[in-house]
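Here are the chains, one letter per residue:
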Amino acid sequence: MDFYNKEKIPAGSVWNLKLFQKFYDFDAYIEPIIERFPAFEKSAWCAQIKNTLIETMKLILVTNKTRDKLPGWHRVDTNLELLKIYLRRMREKKYLSTRSYETAEKRLVEIGKIVGGLINPKN
């Protein structure tokens, strides 16, 4: 990761959580793309996507700090599904290129696998 120096990160930091790192990278990838949506969509779709991104990042942080993590990981998983739906809809409206959509979808699937491993650690 270029945005931080691993040597300065304390052991209990959220930056040591692979899920947070992957989601942070996804957010950094998708935000400039949704900023290019048409102005009339920014108040609805763009805002909804951004709110879900922020909420998911908060959920990852909070859930990582709680004792009973399972409900939080389920909420993170639900938000990932919502993001997939939003991105698919934006692709259908031609606001996302096929390449951007496929890259975003691939990243969300990877994040989803990490969440799935946290929900069902024995699988």
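Attention in this report is confined to the structure presented alongside it.

The next thing to look at is the pattern of salt bridges. Going through the model one piece at a time under the given rule, you end up with 6 salt bridges. Of the charged contacts, one joins Glu110 and Lys22 as a salt bridge, the two residues approaching to 2.8 Å between their closest N and O atoms. Here Lys22 lies in helix 1 (residues 18-35) and Glu110 lies in helix 4 (residues 98-119), a separation of 88 residues in the sequence. The class for Glu110 is partly exposed, based on a relative accessible area of 34%. Lys22 sits in the partly exposed class, given a relative accessible area of 27%. We note a salt bridge from Glu35 to Lys50, for which the minimum N-O separation is 2.0 Å.

Backbone phi values are negative for most residues with the exception of glycine, while trans is the configuration of most peptide bonds. Unusually for a residue other than glycine, Lys94 sits at a positive phi of about 70°. Within the secondary structure layout, Lys94 lies in the loop between helix 3 (70-92) and helix 4.

With respect to the helices and strands, the residue Asp27 is situated in helix 1. Lys50 provides the closest opposite charge to the buried, salt-bridge-free Asp27, at an N-O distance of 8.7 Å. Setting aside residues no more than four positions away along its own chain, Asp27 makes contact with Leu53 and Met57.

Rules of the game
Residues numbered from 1 in each chain as written. Predicted model: local features only at pLDDT ≥ 70, side-chain atom pairs only at ≥ 80, totals over all residues. Heavy atoms only, no water. Salt bridge = Lys/Arg side-chain N within 4 Å of Asp/Glu carboxyl O. Helix = DSSP H or I, 4+ residues; strand = E, 2+ residues; numbered from the N terminus. Buried < 20%, exposed > 50% of the residue type's maximum accessible area, 1.4 Å probe, protein only. Lys, Arg positive; Asp, Glu negative; His and termini not counted. Contact = heavy atoms within 4.5 Å.

Keep in mind these values describe shape, not function.
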